[in-house]
Amino acid sequence: MRRNPIPLTFLTAALLLPSAWAQSSRELLPYHDYAFFLQGPPGCIGQGLLGYVNPALAGEMHGPQLMYYFTDKTKGLFGENEGSTGLFAAVPGLHAGYIRRPSRFLTPDSSWRTVRSTDYRIAAAIGTRRYRFGLGYSRVSGDTRFSGRSRDQLLCGFLFRPGPHLSAGISGRFARRSDAFEMVADVGIRPFGDSRVTLFSEIAYMEDRTFTDVSWSLGAGCEPLPGLHLTARWFDDRRLTAGISLSLGRVSLYSTAKEHGSTFGIRFGAPLPNIPDLKLHPRTGYLHLTLTGRIQHTRYRFLDSGGPTLVSLLATLQAAADDPRVAGIALNCSGAECSAETAWELRTELERFRRTGRNIVIFIDRAGMNLYHLASVADCLVIDPQAYLLLPGYAMGRTYLAGLLDRIGIGFDEWRFYRYKSAYETYSREEMSEADREQREALLAAFFDTFISDVSAARKIAPAALDSLINTKAGFSAFEAVESGLADRTGRWNTIDAVIDGLEGRSMGRISPSDLTRAAFPAEQWGVPPRLALVYAEGICDLDTGIRARKLEEIVRKLASDRDVAGVVLRVNSPGGDGMASDRVAEAVRECRRRKPVIVSQGEVAASGGYWLSMYADSIFAAPATITGSIGVIGGWVWDKSFSRMLDIHTESVQRGDHADLLPGLQLPFITLPLPSRNLAPDERNTIERGIRSMYNEFIAKVAAGRNMPVAAVKEIAQGRVWSGRDAVGLGLVDRIGGLSQALSAARTMAGIGPGRRVSIIEMPYKGMIDLNALLPGLPVAGAFTGNQAAPLDYLSLFARYNGKPLFLAPWDLIRIGQLP
């Protein structure tokens, strides 16, 4: 017998009506009654409505975002309800959004009624990728009987992501005019440390419930393909939902199936990893990169007049190699300047890119040995029709001032007790010593051999033929360069797209460095990525100038105790100087090494005191063109031989102490170099010699201990001799041939950082606040020793301050080798 459903309906309504009105009397709407757009807990799955639920998530946004959600019409016990809608917007750190929610219910007079309420929210967040905190404000408009009676609510949220495997979030809502509140906590676990699999759970507690009467959910999510996310979620009331989201780059689509209807969403804004970009359309464009100015290591905070930094260029090239959309690299070298060592490092990274099977197109207009060495790696080398290629080889020379100093009455006594320690030859001799000639010729051989080997292999020119081109012609017009096989074609940078299309056989798009996936897409791993510190020791070794050893020592010691830093790479680019400055930093490096990996990357020069900085590291990397070694000590004494008499200047002093008359001397206006009035007596010089020899033996012992070498072996390669990085490997002074990129990779491996994880590189210290050369071009600013006009000033200033004191220093002109473009 069929039953009449009408009495049953009214009976059910009568039973549920008190419950409905009890809900309407609540101050706050329960969490799961307004967070229905979420596919999972806000801190675990997706982007959490951009911070609408947990304000702390507003800080996780990597760019502008806009989301729109809606639900289809739902059927319930009392009929059909209209759908809900939500609009959410965010920029990094800020959020604004609303949810409009209609409800249909039976009134006490037995009539059906639909009411609407809108919950508007704003929020702001601060913090790091490990900790974030957010505050927000909620204003509810419309009929609040089914959305909570409290129209004004305060919001707070906290997000804790200590690493890639765990995310924990807490959010709270507090009624402004009562004691009502609600707390929501969620926990997510990623077993593999990435978004492939995520397990999650959450719990919501309101002030009018017991701790045994809380709402909860748990579930799992997975990402089988980039940008495709699947979720399943089980609730305490035995409801099951299933969600899917698909990223198309700057647009994402969302859908969640529920028991009484579905929700749908769409997102616009900053790009996310996606299947079309990463899987369906690989190798669609060329990375366009322009090198202008001198490639440098560090930058000024403001008004930097230099070119790009080496580490930023290396990172860009690595990101291009890892980006499946990049079909090749187009490199504009017009106006670029680099040393032989820097050219080799960039060339090595470009070779790594070529090994992935992709092409490189390089444009040059004017180039010398170093820049051409870099450009020769190209699959297609384009040279300007009016360009002139200058390949004369390498040369080294010195200017000798002994005759001039003698003529003007300035005496100079070189304290040279070791064969190759030639830093002061400029002031003590009129010609090159045989020992200095020997070590310089060995350096040039290493540089030239590297050039011939690399260029002949890349350009498919026999080494003997390339050597003949350099020796017989040296200079090449653009057409001669093409005819000789040194370039592939003539052209200009504005025609490079046509060159690329012809090389690839199809039209290729342009990709800028900011569009690479590593830069454009957010890091999907939770927490702060592992950190490596890149510390620069650049300039003359001095306590307060150059490497600024006081500050540098402090930096290294702090890094040793910093648990957020997994490893340290020390980039040494120094010819040496004050032994105290070198030793203070070296001891800090040794202390740091006891706690975490320390890798040294030697740049253009890491000689004498610069090598002292390196010797305690776990591993030392150097380029073939790096100038290293120079284990030795030297000193000198400058005095007023007859200069004052020539100028008819008279000095006089009183003294207390037999040797005190060494200190006062001639002081000229505007010249900071004081000239003592006499040379050292034999007994005084003997004392100095004993000190220098003692320091030398100490230096030898420290190198032997740091490099784990016998003292006798160190003495055989010391005597102040400089070595190329190529030769230093076989001698045990250097561990491996490699640049900054390889040093960072070694630090990563030694720190136990997996190959798939992103790493954050922290660079320190800055070069300075303001680049005076940007304000006064051509001003010789001391401290930038690498091959410009400031290097002699640096050395002159150093000699003035250390007259009569031993120095661990290589000749400044050695640094100039290979500085021309």
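For the structure itself, consult the block above.
Because the structure is a prediction, the values reported are computed rather than measured.

Digging into the overall build of the protein
Move 1: Along the protein, the regular secondary structure elements total 23 helices and 41 strands.
Move 2: Considering the protein as a whole, with its 821 residues, one finds that 53% of them fall into the buried category.
Move 3: Long-range contacts, defined here as pairs at least 24 residues apart, represent 66% of the contacts in the protein between residues at least 6 apart.

Some words on helix 10 (residues 463–472)
Move 1: By the burial criterion, the buried members of helix 10 are L466, L469 and I470. All buried residues of helix 10 fall inside an arc of 95° around its axis, so they share one side. Facing away from the buried side of helix 10, by more than 90 degrees, are the exposed residues A464, N471 and T472.
Move 2: A positive backbone phi angle near 70° is found at A474, which sits one or two residues after helix 10.

Description of a nonpolar patch on the surface
Move 1: Together, L66, Y68, F70, L87, F264 and F268 make up a nonpolar patch on the protein surface, roughly 480 Å² of accessible area in all.
Move 2: Those elements giving two or more residues to the nonpolar patch turn out to be strand 1 (65–71) and strand 16 (261–269).
Move 3: For the nonpolar patch, the element with the highest residue contribution is strand 1, accounting for three residues.
Move 4: Tracing the sequence through the fold places L66 in strand 1.
Move 5: Given a relative accessible area of 37%, L66 falls into the partly exposed group.

Digging into the nonpolar core
Move 1: Formed by 79 residues in total, the largest nonpolar core has its most connected members in I362, I364, Y372, L389 and L486.
Move 2: In this structure, I364 is in contact with C333, Y372, A375, L381, V382, I383, D384 and L389, ignoring residues within four places of it in sequence.
Move 3: Counting residues in each nonpolar core, the second largest holds 58 residues, with V589, W637, V703 and L733 among its members.

Notes on the environment of R419
Move 1: Position of R419 relative to the elements: it lies in the loop between strand 24 (410–415) and helix 8 (425–428).
Move 2: What makes R419 partly exposed here is its relative accessible area of 46%.
Move 3: A sequence separation of 15 residues divides R419 from E434, and the C-alpha atoms of the two residues are 9.3 Å apart.
Move 4: What R419 contacts, discounting residues up to four positions off in sequence, is A435, E438 and Q719.

Quick notes on the environment of V115
Move 1: Along the chain, V115 falls in strand 6 (residues 112–127).
Move 2: Judged by relative accessible area, V115 falls into the buried class, the value being 4%.
Move 3: Put simply, V115 and R101 are 14 residues apart on the chain and 8.4 Å apart in space, counted from C-alpha to C-alpha.

Section: helix 18 (residues 682–707)
Move 1: Compared with the 38 Å implied by 1.5 Å per residue over 26 residues, the 37 Å span of helix 18 between its first and last C-alpha is a close match.
Move 2: Within helix 18 the residues assigned to the buried category are E684, I692, Y696, F699, I700, K702, V703, A704, G706 and R707.
Move 3: One or two steps after helix 18, the chain reaches N708, where phi turns positive at roughly 55°.

Points about the pairing of strand 22 (residues 359–367)
In regular strands, side chains alternate between the two faces of the sheet.
Move 1: Where burial is concerned, most of strand 22 is hidden: eight out of the nine residues are buried.
Move 2: Relative to strand 22, strand 20 (residues 326–332) runs parallel, the two sharing five bridges. Bridging from a neighbouring strand, G328 pairs with N359 of strand 22.
Move 3: In the sheet, strand 22 pairs with strand 23 (residues 380–390) via six bridges, with the strands oriented parallel. Looking at strand 23, one finds that F363 is bridged to V382.
Move 4: Regarding the hand of the β-α-β motif, the stretch spanning strand 22, helix 6 (residues 369–375) and strand 23 is right-handed.

The rules behind each value
- Residue numbers restart at each chain and count upward from 1, following the sequence in its written direction.
- Local features in this predicted model are restricted to residues whose pLDDT is 70 or higher, and side-chain atom pairs enter the listing and the counts only when it is 80 or higher, whereas totals over whole chains, interfaces and linings include all residues.
- Hydrogens and water molecules were not included; the side-chain quantities draw on all heavy atoms of the structure.
- Put simply, DSSP H or I for four residues or longer makes a helix, DSSP E for two residues or longer makes a strand, and each gets a number counted from the N terminus.
- Remark: exposure states derive from per-residue accessible area (1.4 Å probe, protein chains only) relative to the maximum for the residue type, with buried under 20%, exposed over 50%, and partly exposed in between.
- We call two residues in contact when some of their heavy atoms are within 4.5 Å.
- Our arc is simply the arc of the directions from the helix axis toward the C-beta atoms.
- Patch building starts from residues that exceed 30% relative accessible area and form no salt bridge, then joins like charges within 9 Å and nonpolar side chains (Val, Leu, Ile, Met, Phe, Trp, Tyr) within 5 Å.
- To be clear on the numbers: accessible area is Shrake-Rupley with a 1.4 Å probe, and residue cover counts the displayed protein chains and nothing else.
- One speaks of a salt bridge when a side-chain nitrogen belonging to Lys or Arg is within 4 Å of a carboxyl oxygen belonging to Asp or Glu.
- The term nonpolar core refers to a set of buried residues drawn from Ala, Val, Leu, Ile, Met, Phe, Trp, Tyr and Cys, joined through side-chain atoms within 4.5 Å.
- Expected span, for any helix, means 1.5 Å times one less than how many residues it has.
- For two strands to count as paired, DSSP must find a minimum of two bridges between them.
- Handedness of a crossover is defined as follows: with both strands directed away from the viewer, a clockwise route from the first strand across the helix to the second makes it right-handed.

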